[in-house]
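Report on the structure
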Amino acid sequence: MTPSDIPTKDRLIVALDLPSVQQAEAMVARLGDSVSFFKIGYQLAYAGGLPLARKLADDGKKVFLDLKLHDIGNTVARGVENIAKLGATFLSVHAYPQTMKAAVEARTGSSLKILAVTVLTSYDDGDLHAAGYRLGVSDTVEARGRQAQGLGIDGIVCSPEEAAALRRLVGHQMHLVTPGIRPAGSASGDQKRITTPARAIAAGSDYLVVGRPVVEAADPKAVAEAILAEITPSLAA
Ligand code: C5P
């Protein structure tokens, strides 16, 4: 599926950043038909979230397993082979060449798509320098984006601020998936590089990952529906 064919509803990925499978299932039920795509990250994966991924996939939902894998190539490959059996749509890995290469090879023959995380959206230039990197955020994102494309990665996880530059760099075959989304008026939390849903789509994002603004809302379904309503005109434009 090329980015322009993605149904609008599938473009919102709700991050189920919740402490238990029970709470995650309650959130999925509250969101009902409004949301078709869910992200399971560290918190839930380590609390029974992997069987939940299979259950959601069996129920016709799409799942992004945000496990951000990074290890020696052989370990990544063996892990990806088993993850591919869960029925998830996306799996994230950190955008290091050995890791990306191993993940792409190991998912061959399955429907799992591999997303590479360029630079976490809670990082700014100072955080990268503190971690020992010479390049700043935008140069690192660009370099890793180019490597990801060369290695056959299916999509890139990036900040909405980098989406336009990455789209120019990688063209329209790779999916751009952007966390760091904040509908106007919601708290930024620990995210440093954020934008609104409509601006992220206008900048070239294909999928928006939204966690706290939805799952911590008094009415999560209303917030999810408002986000989808906000992006619809940008998609038609
Ligand atoms: O609550 P919030 O909307 O900030 O959640 C964003 C989600 O996206 C979190 O689950 C976080 O782990 C994830 N994420 C991110 N930055 C990345 C990759 C994933 O914030 N680069």
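Everything discussed here concerns the structure shown above.
Attention in this report is confined to the structure presented alongside it. (Residues numbered from 1 in each chain as written. Predicted model: local features only at pLDDT ≥ 70, side-chain atom pairs only at ≥ 80, totals over all residues. Heavy atoms only, no water.)

What follows deals with the side chain of threonine 118. Summarising the element assignment, threonine 118 is placed in the loop between strand S5 (113-117) and helix H5 (125-130). The class of threonine 118 is buried, set by a relative accessible area of 3%. Polar side-chain contacts of threonine 118 include one of 3.1 Å to the backbone oxygen of valine 157. (Helix = DSSP H or I, 4+ residues; strand = E, 2+ residues; numbered from the N terminus. Buried < 20%, exposed > 50% of the residue type's maximum accessible area, 1.4 Å probe, protein only. Polar contact = N/O pair within 3.5 Å; in protein donor to acceptor, adjacent residues only side chain to side chain.)

What follows concerns the sheet that holds strand S4 (residues 90-94). Strand order in the closed barrel formed by 8 strands is S1-S2-S3-S4-S5-S6-S7-S8, and the pairing between neighbours is parallel. When the angles between neighbouring strand axes are averaged without regard to direction, this sheet yields 25°. As paired strands, S4 and S5 are joined by 5 bridges and run parallel to one another. Within S5, the residue paired with valine 93 across the bridge is alanine 116. Helix H7 (residues 160-170) rests against strand S6 (155-157) and strand S7 (175-178) of the sheet, and its axis sits at about 170° to S7. (Pairing = 2+ DSSP bridges. Axes fitted to C-alpha atoms, helices over the stretch in contact; angles between N-to-C directions. Contact = heavy atoms within 4.5 Å.)

Here the focus is the pattern of salt bridges. Applying the stated criterion across every chain, the model contains 10 salt bridges. Between lysine 55 and glutamate 25 there is a salt bridge, with the nearest N and O atoms lying 2.9 Å from each other. With lysine 55 in helix H2 (residues 42-58) and glutamate 25 in helix H1 (residues 21-31), this pair connects stretches of sequence that are 30 residues apart. The exposure class assigned to lysine 55 is partly exposed, which follows from its relative accessible area of 43%. A salt bridge links aspartate 206 to arginine 167; the nearest nitrogen and oxygen atoms lie 2.6 Å apart. You can see aspartate 206 sitting in the loop between helix H8 (197-202) and strand S8 (207-210) and its partner arginine 167 sitting in helix H7, a full 39 residues away along the chain. With respect to burial, aspartate 206 and arginine 167 carry one shared label: buried. Among the charged side chains, a network of salt bridges with common partners joins Lys39, Asp66 and Lys68. (Salt bridge = Lys/Arg side-chain N within 4 Å of Asp/Glu carboxyl O.)

Two elements in contact, helix H3 (residues 73-83) and helix H4 (residues 97-107), have axes separated by 8 Å at closest approach and are oriented at 35°. The chirality of how H3 crosses H4 is right-handed. Across the interface between the two elements, Gly73, Val76, Ala77, Val80 and Glu81 from H3 touch Gln98, Thr99, Ala102, Ala103, Ala106 and Arg107 from H4. Across the contact of H3 with H4, the residue classes break down as 6 nonpolar, 3 polar and 2 charged. (Left-handed = near helix turned anticlockwise from the far one by under 90°. Nonpolar A, V, L, I, M, F, W, Y, C, P; charged D, E, K, R; others polar.)

Now for the packing of helix H6 (residues 137-150) against H7. Angle between the axes and distance between the axes are the two parameters that describe a pair of packed helices. Running from N to C, H6 and H7 point in directions that differ by 35°, and their axes come no closer than 10 Å. Handedness of the H6/H7 crossing: right-handed. Facing H6, whose interface residues are Val137, Val141, Glu142, Gly145, Arg146 and Gln149, H7 presents Glu162, Leu166, Leu169 and Val170. Grouping the amino acids of the contact of H6 with H7 by side-chain chemistry returns 5 nonpolar, 2 polar and 3 charged.

Another point: the side chain of threonine 140. Within the element layout of this structure, threonine 140 appears in helix H6. For threonine 140, the contacting residues outside a window of four places in its chain are Val119, Leu128 and Leu135.

You can see lysine 68 is positioned in strand S3 (residues 62-69). A polar atom in the side chain of lysine 68 sits 2.8 Å from the side chain of aspartate 66.

Below, the discussion takes up the site of the ligand. Near the ligand lie 18 residues; those nearest to it are Asp17, Lys39, Arg182, Gly211 and Arg212. Residue lysine 39 places a side-chain N or O atom 2.7 Å away from an oxygen atom belonging to the ligand. Arginine 182 places a polar side-chain atom, nitrogen or oxygen, 2.7 Å from an oxygen atom of the ligand. A total of 470 Å² of accessible area belongs to the ligand in isolation, and the protein chains cover 88% of it. Along the lines of polarity and charge, the residues of the shell around the ligand split into 9 nonpolar, 3 polar and 6 charged. (Near = heavy atom within 4 Å. Areas by Shrake-Rupley, 256 points an atom, 1.4 Å probe, with all protein chains shown as cover.)

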